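These are the residues of each chain, in order.
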There are 2 protein chains.
Amino acid sequence: MPTQTAAQRRADARAAYDAYMAACPARELLDRISDKWVTLILNALADGPRRYSDLGRIIAGVSQKMLTQTLRGLERDGMVTRTVTPSVPVRVDYELTPLGVSLLPLVRAAKEWAETHIEEVHTARAAYDATGENG
Amino acid sequence: MPTQTAAQRRADARAAYDAYMAACPARELLDRISDKWVTLILNALADGPRRYSDLGRIIAGVSQKMLTQTLRGLERDGMVTRTVTPSVPVRVDYELTPLGVSLLPLVRAAKEWAETHIEEVHTARAAYDATGENG
DNA sequence: GCCGCTACTCTCCATCGGTAAGTACGTACC
DNA sequence: GGTACGTACTTACCGATGGAGAGTAGCGGC
C-alpha cells in the first residue's frame, strides 16, 4: 500500500467500484433509458402502435440501422412488442407493453422539462460562450 | 416528382423534418439530458457541491475526459457552476444551479423507475434470449 | 419480367468515448 | 535544489458506436 500514487489509488477505486456498479440496478437501466433514440421511440409509440416506416418518419433523424437496433433492444427488454402481419408487403407494428407504458410519464416529464427550460439553457449558453470567447 | 423511389421520398422526408427538428426544443434538450453521464453527474451533485475528484470517485466508471467534458457541457448549459478555490492544490467545486436542481426530480424518477422495474426487464431479456436462441 | 413496395441488413466512414500518459502549478521532504 | 506528490485537467491513440446510403427478400402490378 505505500508508494501509491494518486493514479494508482484512482485505478483501485475504479476496480473496487466495478463490483458495486455491477450490483447497482439503477446504473444498468439508467444507461439503457438514457438513450436518445429510446426516449424518442417511446414517445413516438405513446399514442398507440406504429409501423416501422412510420417510426422512421416520425422520429426523423434516426437511421434505419439505429431504428431497428433500438427497437430490438426495447423488444428484448420487454418494453415493446413486435407484430408481423404477413400481408402483401410485410407489415410490422411496434407497440408499447405495460412496462413500456410505465416509462411514458418519465419521457413526457423529460419532454416538458425540455420545453419549459430551453430558453434558460439558450441564455446560459450564450452567456457562457460570450465570456469564454476571449479568456 | 415522378419516378421517385421510396429511398428518395425518405430522403425528402428527412430533409423536410430537419427544419421541423431544428425548431423542436424538446429534441434538442432531450439529446442533451438523455446522456448517461449527465444523469449520473446530476445525481451525484444532488446532495450538494462536490469536488472534481469526488465526482470521479462517486460516479466510478467515468473517465476524467468524460467527466471534464460533461461538466463543461453542463456548465455551458447553466446547470452547474464551477468554482475554483486557489488554495494550495487548486480546488474546484461543482454545484447545481436552480436549473440543474429542476432536473433532479426527473433524475430521481428515472432512478426509481429503474430500481422498480429492473426485475421485469431481466425476466423479459431472459425470455427473449431463450426464444430467439434457436429460431 | 422488371419495378417498386416494406422492413430490414450490410458496408464504409466519421465521430465518440475509454485508457493512459502528460501538463501546470505549488508544496513538502530530503 | 530537486524530486516526488497532490489536484484538475489535456492530449494522443485506438477501438467501439452511430450515420449515410446501397443492397436484399418476397411478392403484386403493369
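Please refer to the structure placed before this passage.
Residues numbered from 1 in each chain as written. Chains lettered and ligands numbered in written order. Predicted model: local features only at pLDDT ≥ 70, side-chain atom pairs only at ≥ 80, totals over all residues. Heavy atoms only, no water.

### Quick look at the sheet that holds strand β2 (residues 80-85) of chain B
Basically, it comes down to this: Strands were regarded as paired on the criterion that DSSP finds at least two bridges between them. Here a helix means four or more residues in a row that DSSP labels H or I, a strand means two or more in a row labelled E, and each is numbered from the N terminus.
Pairing is antiparallel in the open sheet, where three strands are placed in the order β1-β3-β2 (chain B). Edge positions in the open sheet fall to β1 (50-51) and β2 of chain B, since each of these has one partner strand only.

### Re the environment of Leu 30 of chain A
The condition is simple: Throughout this description, buried means an accessible area under 20% of the type-specific maximum (1.4 Å probe, protein chains only), exposed means over 50%, and partly exposed covers the range between. By definition, residues are in contact when any of their heavy atoms lie within 4.5 Å.
With respect to the helices and strands, the residue Leu 30 of chain A is situated in helix α2 (residues 25-33). Since its relative accessible area comes to 5%, Leu 30 of chain A is described here as buried. In the structure, Leu 30 of chain A is positioned twelve residues away from Leu 42 of chain A in sequence and 15 Å away in space, judged by C-alpha atoms. Sequence-distant contacts of Leu 30 of chain A, defined by excluding residues within four places in its chain, comprise Thr 39, Leu 40, Ala 110 and Lys 111 of chain B.

### Some words on the interface of chain B and chain A
What counts here: Buried area adds together the accessible area that both of two parts lose upon being put together, with accessible area traced by a 1.4 Å probe. The rule for a salt bridge is simple: a side-chain nitrogen of Lys or Arg has to be within 4 Å of a carboxyl oxygen of Asp or Glu. N or O atoms within 3.5 Å of each other form a polar contact, as long as, within protein, one can give a hydrogen and the other can take it, and as long as residues adjacent in sequence are counted only when both atoms are side-chain atoms.
Contact with chain B, which involves 51 residues of that partner, is made by 51 residues of chain A. Summed over both partners, the interface of chain B with chain A comes to about 4,800 Å²; 65% of that surface belongs to carbon and sulfur atoms. When the buried surface of chain B facing chain A is broken down by residue, Arg 76, Trp 113 and Arg 125 of chain B rank first, second and third, together holding 15% of it. Between chain B and chain A we count eight salt bridges in total. Here chain B and chain A share 16 residue pairs in polar contact (both at pLDDT 80 or more) between them. Elements supplying a minimum of two residues to the side of chain B that touches chain A: α1 (6-22), α2 (25-33), α3 (36-44), α4 (52-59), α5 (64-76) and α6 (98-132) of chain B.

### Some words on the relation of the copies chain B and chain A
Spelled out, the test is: Superposing copies: least-squares fit, C-alpha atoms only, residues required to have pLDDT of at least 70 in both.
With an RMSD of 0.1 Å, chain B superimposes on chain A once it is rotated by 180° and translated 0.0 Å along the axis. Both copies of the chain, as the preceding transformation shows, are related through a two-fold rotation axis. Measuring from the rotation axis to each C-alpha of chain B, the shortest distance belongs to Ser 34 of chain B, at 2.2 Å. In this assembly the copies share their binding face: 100% of the residues contributing to the interface of chain B also contribute to that of chain A.

### Structural notes on the pairing of β2 of chain B
Residue and element names in this part refer to chain B. Where β2 meets strand β3 (residues 91-96), six bridges bridge the pair, whose relative direction is antiparallel. Residue pairing in the sheet places Thr 85 in a bridge with Arg 91 of β3. Between β2 and the antiparallel strand that follows it, β3, lie five residues.

### So, the side chain of Asp 77 of chain B
Mapped onto the fold, Asp 77 of chain B is located in the loop between α5 and β2. Of the residues examined, Asp 77 of chain B reaches a relative accessible area of 0% and is grouped as buried. The contact partners of Asp 77 of chain B, leaving out residues within four places of it in the chain, are Val 121, Ala 124 and Arg 125 of chain A together with Arg 32 and Leu 99 of chain B.

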